[in-house]
Amino acid sequence: MGSLNDRIGRADWKKEKHVPVIECPSEVKADTMFEIKVSVGKEIAHPNTTAHHISWIQLFFHADGEKFAIQVGEFQFSAHGEAAEGPDTGPVYTHPSIGTTMKTKKSGKLYAISLCNIHGLWESEMEIKVV
Ligand SMILES: [Fe+2]
């Protein structure tokens, strides 16, 4: 059986187009806002069609010494060319890229998880050090 964790893909984002890419400072000042960008397909573009697309990205932060990870945000991508005329005929396609801002009192690790509607869950992580 295993757990859902066994179904989450992890790989080098430069070789695997599904892996979310976290871009933010690796060192931040305590309690000071910093910007985070997370995208899918930075090196190798992922399809964005009605049939095959990235549905969402969720971002979590696990502060050192804390028992649980905190959800920073969830970002839904809802437009993939859908239209009354049929798939891929619509005018709107959301790109799987998000920006947000946070602060932390403690160092820890950011986790990004994304969902491809066909190829499942993918995860990446990044250490954030409070200096
Ligand atoms: Fe995919």
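Here, every reference points to the structure presented above.
Everything quoted here is computed from the prediction, not taken from an experiment. (Residues numbered from 1 in each chain as written. Predicted model: local features only at pLDDT ≥ 70, side-chain atom pairs only at ≥ 80, totals over all residues. Heavy atoms only, no water.)

A. Broad picture of the sheet that holds strand S2 (residues 27-28). Read across the open sheet, the five strands follow the order S2-S8-S7-S4-S5; overall the sheet is mixed. Two strands in the sheet have a free side with no partner beyond their single neighbour: S2 and strand S5 (70-76). In this structure, strand S7 (residues 108-116) lies alongside strand S8 (residues 120-130), joined through nine bridges in antiparallel fashion. When the sheet's bridge partners are listed, Gly108 is paired in S8 with Ile128. (Pairing = 2+ DSSP bridges. Helix = DSSP H or I, 4+ residues; strand = E, 2+ residues; numbered from the N terminus.)

B. Region of the structure containing the nonpolar core. In terms of nonpolar packing, the biggest core is built from 22 residues, with Ile22, Cys24, Ile36, Val38, Leu110 and Ile128 touching the most fellow members. When contributions to this core are tallied by element, the ones reaching two or more residues are strand S3 (34-40), strand S4 (54-63), strand S6 (97-102), S7 and S8. Residue contributions to this core peak at five residues, all from S4. In this structure Val38 touches Pro20, Val21, Ile22, Ile57, Leu59, Pro96, Ser97, Ile98 and Ala112, once residues within four positions along its chain are discounted. (Core = buried A, V, L, I, M, F, W, Y, C linked by side-chain atoms within 4.5 Å. Buried < 20%, exposed > 50% of the residue type's maximum accessible area, 1.4 Å probe, protein only. Contact = heavy atoms within 4.5 Å.)

C. Geometry of the sheet that holds S3. The strand order across the open sheet formed by three strands is S1-S3-S6, and the pairing between neighbours is antiparallel. Of all strands in the sheet, those bounded by a partner on one side alone are strand S1 (20-23) and S6. Across this sheet, the average inter-strand angle for adjacent strands is 20°, counted without regard to direction. Sheet topology note: the S3/S6 ladder contains six bridges and is antiparallel. Looking at S6, one finds that Ser39 is bridged to Ser97. (Axes fitted to C-alpha atoms, helices over the stretch in contact; angles between N-to-C directions.)

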